[in-house]
Amino acid sequence: MTDLIKVTNVNKSYNGKLTLESINLVAKSNQVLGLLGPSGAGKTTLIKIIMGMEHPDSGTATVFDQQMPNREVLQSIGFMAQEDALYSSLSARENLRFFAELFQLNKDDIENRINYVASIVDLVPDLNRRVSNFSGGMKRRLSLAISLIADPKILILDEPTVGIDPELRRQIWNELHKYRDEGKTIIITTHVMEDAAQCDNLAMIRNGKIISSGSPEEMKQAYHAKDLEEVFLTAGRVTNENSVNN
Ligand SMILES: Nc1ncnc2c1ncn2[C@@H]1O[C@H](COP(=O)(O)OP(=O)(O)OP(=O)(O)O)[C@@H](O)[C@H]1O
């Protein structure tokens, strides 16, 4: 496994408030890395720093050993932001085609690829509908399909399963695992424990700090916990006690 994404000693403040503190993180090929934490923990900020959309106050974030943003490297990343960036007056198909052309996909492959990614998120019957008529969940699914359109080496997904029902969530996880097994790297943010359990490695984030990391199994064993929720609560308690004692 190769280190594709490296975050080293990253600190970031907004308005004098530390949002990320001493973050170290590595994402490898053949790996789903989950950033698990409650709302406001700093997950999106960390993703934005990896994408080069925000600059750290100190420390570095690299993808393929390159400082971000880097136009060439961005071509290898499928990114799904927390806010859907869709053209609402266009159909789902037209949105997918727009992004496929942006990534310079071979014209002969585009329609096949559109159908394939739409099938992953169960949107084939809705491909010709205007996005302005879509529900919130359908928009999330379309955003996920767009992130997959160019078959990227790296997928960075900010809360991809919000508003998606359990059955489709399982189907999407099957697909993400298939992607991982093809040698790709996936980073996903979530506050849902069921999603966290699907990851190969986790970084639990609370108040801008990584309070624990490892595979779900390693973490459960380390904290003698029956599930990840218990790990999260225990790790959080330990961190709080340490910061009070220091
Ligand atoms: N541009 C900004 N200006 C000021 N404060 C910000 C900015 N971006 C994020 N923050 C603050 O940084 C903290 C972390 O936010 P962030 O969006 O990274 O959390 P998160 O873990 O992704 O939360 P959620 O799960 O709700 O998306 C929050 O307190 C947020 O208000």
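Residues numbered from 1 in each chain as written. Predicted model: local features only at pLDDT ≥ 70, side-chain atom pairs only at ≥ 80, totals over all residues.

Chemist: Please give an account of the overall build of the chain that cites residues and values.
Modeler: Broken down by element type, the chain carries nine helices and ten strands. On C-alpha atoms alone, the chain measures out to a radius of gyration of 18 Å, which is about the 18 Å that the 2.2 N^0.38 rule sets for 246 residues. For the chain, the C-alpha atoms occupy an extent of roughly 60 × 35 × 35 Å along the three principal directions. Across the 246 residues that make up the chain, the buried fraction comes to 39%. Counting only contacts in the chain whose residues sit at least 6 apart along the sequence, the fraction spanning at least 24 positions is 66%. (Helix = DSSP H or I, 4+ residues; strand = E, 2+ residues; numbered from the N terminus. Rg over C-alpha atoms; globule rule 2.2 N^0.38 Å. Buried ≥ 20, exposed ≤ 12 C-beta atoms within 10 Å, placed from the backbone. Contact = placed C-beta atoms within 7 Å.)

Chemist: Give me the packing of helix α3 (residues 92–102) against helix α5 (residues 136–148): which residues, what numbers.
Modeler: Axis separation between α3 and α5 bottoms out at 9 Å; the angle between their running directions is 30 degrees. Looking at the two axes, α3 sits roughly parallel to α5. For the pair α3 and α5, the crossing hand works out as right-handed. For the pair formed by α3 and α5, the contact residues are Ala 92, Asn 95, Leu 96 and Phe 99 on the first element and Leu 142, Ala 145 and Ile 146 on the second. (Axes fitted to C-alpha atoms, helices over the stretch in contact; angles between N-to-C directions. Parallel < 35°, antiparallel > 145°, perpendicular 65-115°, else oblique. Left-handed = near helix turned anticlockwise from the far one by under 90°.)

Chemist: Before we move on, can you summarise the site of the ligand with the specific residues and values?
Modeler: In the region of the ligand, 13 residues are neighbours, and Tyr 14, Ser 39, Lys 43, Thr 44 and Thr 45 sit closest. Broken down by element, the shell around the ligand gets its largest block of residues, three residues, from helix α1 (residues 43–51). For the shell around the ligand, the per-class residue count stands at two nonpolar, ten polar and one charged. (Near = placed C-beta within 6 Å. Nonpolar A, V, L, I, M, F, W, Y, C, P; charged D, E, K, R; others polar.)

Chemist: Go over the domain arrangement of the chain, please, and point to the residues and values.
Modeler: Think of interface size as the accessible area that goes away when the parts come together; that is how it is often given. When the domains of the chain are assigned, the result is domain 1 (3–76 + 153–245) and domain 2 (86–152). On a C-alpha basis, the centroid separation for the pair domain 1 and domain 2 is 26 Å. Of the residues lining the interface, 13 residues belong to domain 1; the matching set on domain 2 comes to eleven residues. Of all the secondary structure elements, the ones that give two or more residues to the side of domain 1 that touches domain 2 are β7 (154–158) and α6 (166–181). For the side of domain 1 that touches domain 2, the class distribution of residues is eight nonpolar, three polar and two charged. (Domains from an automatic or database assignment.)

Chemist: Give a detailed account of the pairing of β7, specifying residues and quantitative values.
Modeler: Among the five residues in β7, five count as buried, and that is most of the element. Pairing geometry for strand β6 (residues 77–80) and β7, over four bridges, is parallel. Paired with Met 80 across the two strands is Leu 157, which belongs to β7. By the bridge criterion, five bridges tie β7 to strand β8 (residues 185–190) in an arrangement that is parallel. (Pairing = 2+ DSSP bridges.)

Chemist: An account of the nonpolar core is needed here, citing residue identities and associated values.
Modeler: Formed by 66 residues in total, the largest nonpolar core has its most connected members in Ile 50, Leu 96, Ala 145, Ile 156 and Met 204. When residues of this core are assigned to their parent elements, the largest contribution, six residues, is made by α5. Three or more residues apiece are contributed to this core by two domains, here domain 1 (3–76 + 153–245) and domain 2 (86–152). Those residues in contact with Ile 50, other than ones at most four positions away along the chain, are Ile 5, Val 7, Ala 61, Val 63, Met 68 and Ile 156. (Core = buried A, V, L, I, M, F, W, Y, C linked by C-beta atoms within 7 Å.)

Chemist: So what's going on with unusual backbone geometry? Which residues, and what values?
Modeler: Following Met 68, the chain continues into Pro 69 via a peptide bond in cis, with omega recorded as 5 degrees. Mapped onto the elements, Pro 69 comes out in the loop between β5 (66–67) and α2 (71–74). Located in the positive-phi region is Glu 159, a residue other than glycine, with phi close to 50 degrees. Residue placement: Glu 159 occurs in the loop between β7 and α6. We classify Glu 159 as buried; it has 20 C-beta atoms within 10 Å.

Chemist: Which residues make up the sheet that holds strand β10 (residues 209–214), and what values go with them?
Modeler: Strand order in this open sheet of six strands is β6-β7-β8-β3-β9-β10, and the pairing throughout is mixed. In this open sheet, the two strands that pair with only one neighbour each are β6 and β10. Ignoring strand direction, the axes of neighbouring strands in this sheet form an average angle of 15 degrees.

Chemist: Requested: an account of the confidence of the model for the chain, with residues and values cited.
Modeler: Of all residues in the chain, 97% have pLDDT values of 70 or greater, and the mean over the chain is 92. Interface confidence for the predicted complex, given as ipTM, is 0.96, next to a pTM of 0.92. (pLDDT = per-residue confidence, 0-100.)

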